[in-house]
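Results of the structural survey
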Amino acid sequence: MCGSFVLLLLLGVPVAFAIGLASVATAIAADLPMAIVFQKMVGGMQIFSFLAIPFFIFAGELMLHGGIAERIVNFANRLVGHVRGGLGMSNVLGCTLFGGVAGSPLADVSAMGSVMIPLMKREGYDADYAVNVTTHAALVGALMPTSHNLIIYVLATAGIAAVSVFNLILACVLPAVLLTVANLVAAYAVARKRGYPTHGTFPGWPAVFSAFLAALPGLLVIVIILGGILSGVFTATESAATAVCWALLVTAAVYRTLSWRGFLAACAKACKTTGVVLLLIGISSAFGYFMALYEVPQKTGEWLEQMSGNNAWAIFLWVNLLLFVLGTFLDMAATILICTPIFLPICMKAGMDPTQFGVVMLLNCALGLNTPPVGSTQFVGCAIGGVSVGQVMRSIAPFYGALLVTLLAATYLPSLSLALPKLVAG
């Protein structure tokens, strides 16, 4: 099972097909009925909660094609654009805010990168700096309430632990804030070191407030989702459909920036992304069945205990290292679906809360999105910036540092993730 999966990945077979073919090979080698693979695939996709995934993806695409990004960029520029390296800091804030709306790091890089990276280059910023700022700030989108990866993680924990979608959303808030602050510090430090200029003077709080009001209708989607779930008006699944309705209302009726062509493009991209994600979920269900059958989580746990001497801190470090390595080869959804059944029981045995582990998992997956050879957000950012991946990697250390600080804090400071869920629970 593991050998065929790794071999297929090394041969360049797409992840979904590598997982499926490894499952088929395992069934053949074990002389099990082939119907098991297909039964697990179909059963893995027939879950009501999965409706949240296409809705969140569609809402993000509507926001992407509906002109939300420009208003968010304008607000961020007016707020911090006058600081040294202000365009970089504006980029961080803009990507963070749009990531909260779209819930997808890749959509964030595509939307904000197309606006900010060329602008930063025209203003004298190096291309590698512009790309690193954009791609790392976009990773905050993986922790936002509109992220469909939150739903995927909760579903991946089925049968292992009871994780609430709302609690996981709350658990991601403080790590998202910490990651944003760390990205701002990294962007400012590099800007000062390279001597980037300031751009104009502070326009005044009235101008900042007017820009905020212009961006507010798009940003309200986060408030609506959290408020609706907290008040009991709708469930987490229904909140995704509500996000779509709000995205349509804002982009088509309030801003009037969503064209018919943009709407069709959003529909097409949402269908394509949903198809890929559900295929991964279905095939990973079959793969997960074989992992459970052959006790992969238990054997991995025993190996980690031997390596770490039963030290919880060492176990968490090993898990982070393994997740990082796997995340550089696998897509975010695939990493969550394959690794959660393996590493969650190990971390729970070592004393980590499953909600906290969800935050750690999402941060590790975000780190993988910016690391070759798979690094999809980095590839998109480099394509927009017209710069090679090698050049970007040579100056990535300060931004990697920001992400690693957040990851270590989420791993070893449980209160960072669990304080808000406990506060809301009373």
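Treat the numbers as computed from the prediction; the structure is a model and nothing was measured. (Residues numbered from 1 in each chain as written. Predicted model: local features only at pLDDT ≥ 70, side-chain atom pairs only at ≥ 80, totals over all residues. Heavy atoms only, no water.)

1. With respect to the overall build of the protein chain
- Within the protein chain, the regular secondary structure consists of 21 helices and zero strands.
- Against the globule reference of 22 Å for 426 residues, the protein chain gives a C-alpha radius of gyration of 21 Å, in line with a compact fold.
- Projected onto its principal axes, the C-alpha positions of the protein chain cover 70 × 50 × 45 Å.
- The buried share among the 426 residues of the protein chain stands at 53%. (Helix = DSSP H or I, 4+ residues; strand = E, 2+ residues; numbered from the N terminus. Rg over C-alpha atoms; globule rule 2.2 N^0.38 Å. Buried < 20%, exposed > 50% of the residue type's maximum accessible area, 1.4 Å probe, protein only.)

2. Concerning the packing of aromatic side chains
- Taken as a whole and judged by the stated rule, the model has 13 aromatic pairs.
- Both rings, one in Tyr289 and one in Phe290, keep their centres 5.4 Å apart while their planes meet at 70°; by these two values the pair is edge-to-face.
- These aromatic residues form a ring-pair network of at least three members: Tyr125, Tyr129, Tyr196 and Phe399.
- Seen from the ring of Tyr255, Arg71 lies directly overhead, with NZ or CZ sitting 3.9 Å from the centre. (Phe/Tyr/Trp six-rings, centres within 6.5 Å; stacked < 30°, edge-to-face > 60°. Lys NZ or Arg CZ within 6 Å of the ring centre and 35° of its normal.)

3. Quick look at the packing of helix H7 (residues 105-122) against helix H8 (residues 127-138)
- Between H7 and H8, the shortest axis-to-axis distance is 9 Å and the interhelical angle comes to 155°. Considered as vectors, H7 and H8 are oriented roughly antiparallel to each other. Note on packing geometry: the crossing formed by H7 with H8 is right-handed. Taking contact as the criterion, the partners of Pro105, Asp108, Val109, Gly113, Ile117, Met120 and Lys121 in H7 are, on H8, Ala127, Tyr129, Ala130, Val131, Thr134, Thr135, Ala137 and Ala138. (Axes fitted to C-alpha atoms, helices over the stretch in contact; angles between N-to-C directions. Parallel < 35°, antiparallel > 145°, perpendicular 65-115°, else oblique. Left-handed = near helix turned anticlockwise from the far one by under 90°. Contact = heavy atoms within 4.5 Å.)

4. Some details on the UniProt feature "transmembrane region" (unreviewed entry) in the protein chain
- The positions UniProt marks with the feature "transmembrane region" (unreviewed entry) are residues 45-64, 150-167, 173-191, 212-234, 240-258, 270-292, 312-344 and 399-420.
- Structurally, residues 150-167 comprises 56% helix and 0% strand, and the distance from its first C-alpha atom to its last is 10 Å.
- The span residues 270-292 shows a helical share of 100% and a strand share of 0%, and its end C-alpha atoms are spaced 32 Å apart. (UniProt positions renumbered as here; feature names shortened; annotations may be inferred.)

5. Let's talk about the pattern of salt bridges
- Applying the stated criterion across every chain yields a total of two salt bridges.
- One salt bridge connects Asp126 with Arg194, and the closest N-O pair in it is separated by 3.1 Å. With a gap of 68 residues between them, Asp126 in the loop between H7 and H8 and Arg194 in helix H10 (residues 165-194) connect regions that are remote in the sequence.
- A relative accessible area of 32% places Arg194 in the partly exposed class.
- Here Arg194 makes a salt bridge to Asp128, at a shortest N to O gap of 3.1 Å. Taken together, the residues Arg194 in helix H10 and Asp128 in helix H8 connect sequence positions 66 residues apart.
- Since its relative accessible area comes to 7%, Asp128 is described here as buried. (Salt bridge = Lys/Arg side-chain N within 4 Å of Asp/Glu carboxyl O.)

6. Examining the environment of Phe329
- Looking at the secondary structure, you find Phe329 in the loop between helix H15 (312-327) and helix H16 (332-349).
- The class of Phe329 is partly exposed, set by a relative accessible area of 41%.
- A C-alpha to C-alpha distance of 36 Å links Phe329 and Val80, two positions 249 residues apart in sequence.

7. Description of the environment of Gly66
- Checked against the element boundaries, Gly66 lands in the loop between helix H4 (52-65) and helix H5 (68-80).
- With 234 residues separating them in the primary sequence, Gly66 and Thr300 have C-alpha atoms 46 Å apart.
- Apart from the residues within four sequence positions on either side, Gly66 is in contact with Thr251, Thr257 and Leu258.

8. Some details on helix H3 (residues 35-45)
- For H3, the complete set of buried residues consists of Ile36, Val37, Met41 and Gly44. Buried residues along H3 cover an arc of 135° about the axis, so they all sit on one side.
- The inward-facing, buried residues of H3 abut helix H2 (15-29) and helix H13 (260-293). (Arc of directions from axis to C-beta.)

9. Here's the deal with the nonpolar core
- Of all hydrophobic cores here, the largest spans 145 residues; its most connected members are Ile19, Phe98, Tyr129, Ile336, Phe343 and Phe357.
- With 15 residues, the single largest contributor to this core is H10.
- When residues no more than four places from it in sequence are discounted, the contact partners of Phe357 are Tyr153, Val319, Leu323, Phe343, Leu344, Cys347 and Met352. (Core = buried A, V, L, I, M, F, W, Y, C linked by side-chain atoms within 4.5 Å.)

10. Side note on a nonpolar patch on the surface
- Where nonpolar side chains cluster on the molecular surface, the patch consists of Val173, Leu174, Val177, Val181 and Val185 and spans about 370 Å² of accessible area.
- Here Val173 shows up in helix H10. (Patch = residues over 30% accessible without salt bridge, like charges linked within 9 Å, V, L, I, M, F, W, Y side chains within 5 Å. Areas by Shrake-Rupley, 256 points an atom, 1.4 Å probe, with all protein chains shown as cover.)

11. Here's the deal with H5
- Between the first and last C-alpha of H5 there are 19 Å, a value that for 13 residues agrees with the 18 Å anticipated at 1.5 Å per step.
- Buried residues of H5: Ile68, Ala69, Ile72, Val73, Phe75, Ala76 and Val80, and no others. Across the axial projection of H5, the buried residues extend over an arc of 165°, all falling on one side.
- Those residues of H5 that are buried lie in contact with H4, helix H6 (86-102), H7, helix H11 (205-231) and helix H12 (236-254). (Expected span 1.5 Å × (residues − 1).)

12. A closer look at the state of the cysteines
- Counting across every chain of the model gives zero disulfides.
- Of all cysteine sulfurs in the structure, the one in Cys365 sits closest to Cys172, which takes part in no disulfide; the separation is 12 Å.
- The class for Cys172 is buried, based on a relative accessible area of 0%.
- No disulfide involves Cys245; its sulfur sits 13 Å from that of Cys267, the nearest cysteine. (Disulfide = S-S within 2.5 Å.)

13. Examining unusual backbone geometry
- Its identity is not glycine, yet Asp31 carries a phi of approximately 55°, on the positive side.
- Non-glycine residue Arg256 carries a positive phi angle of around 55°.
- Take Arg256: it is sitting in the loop between H12 and H13.

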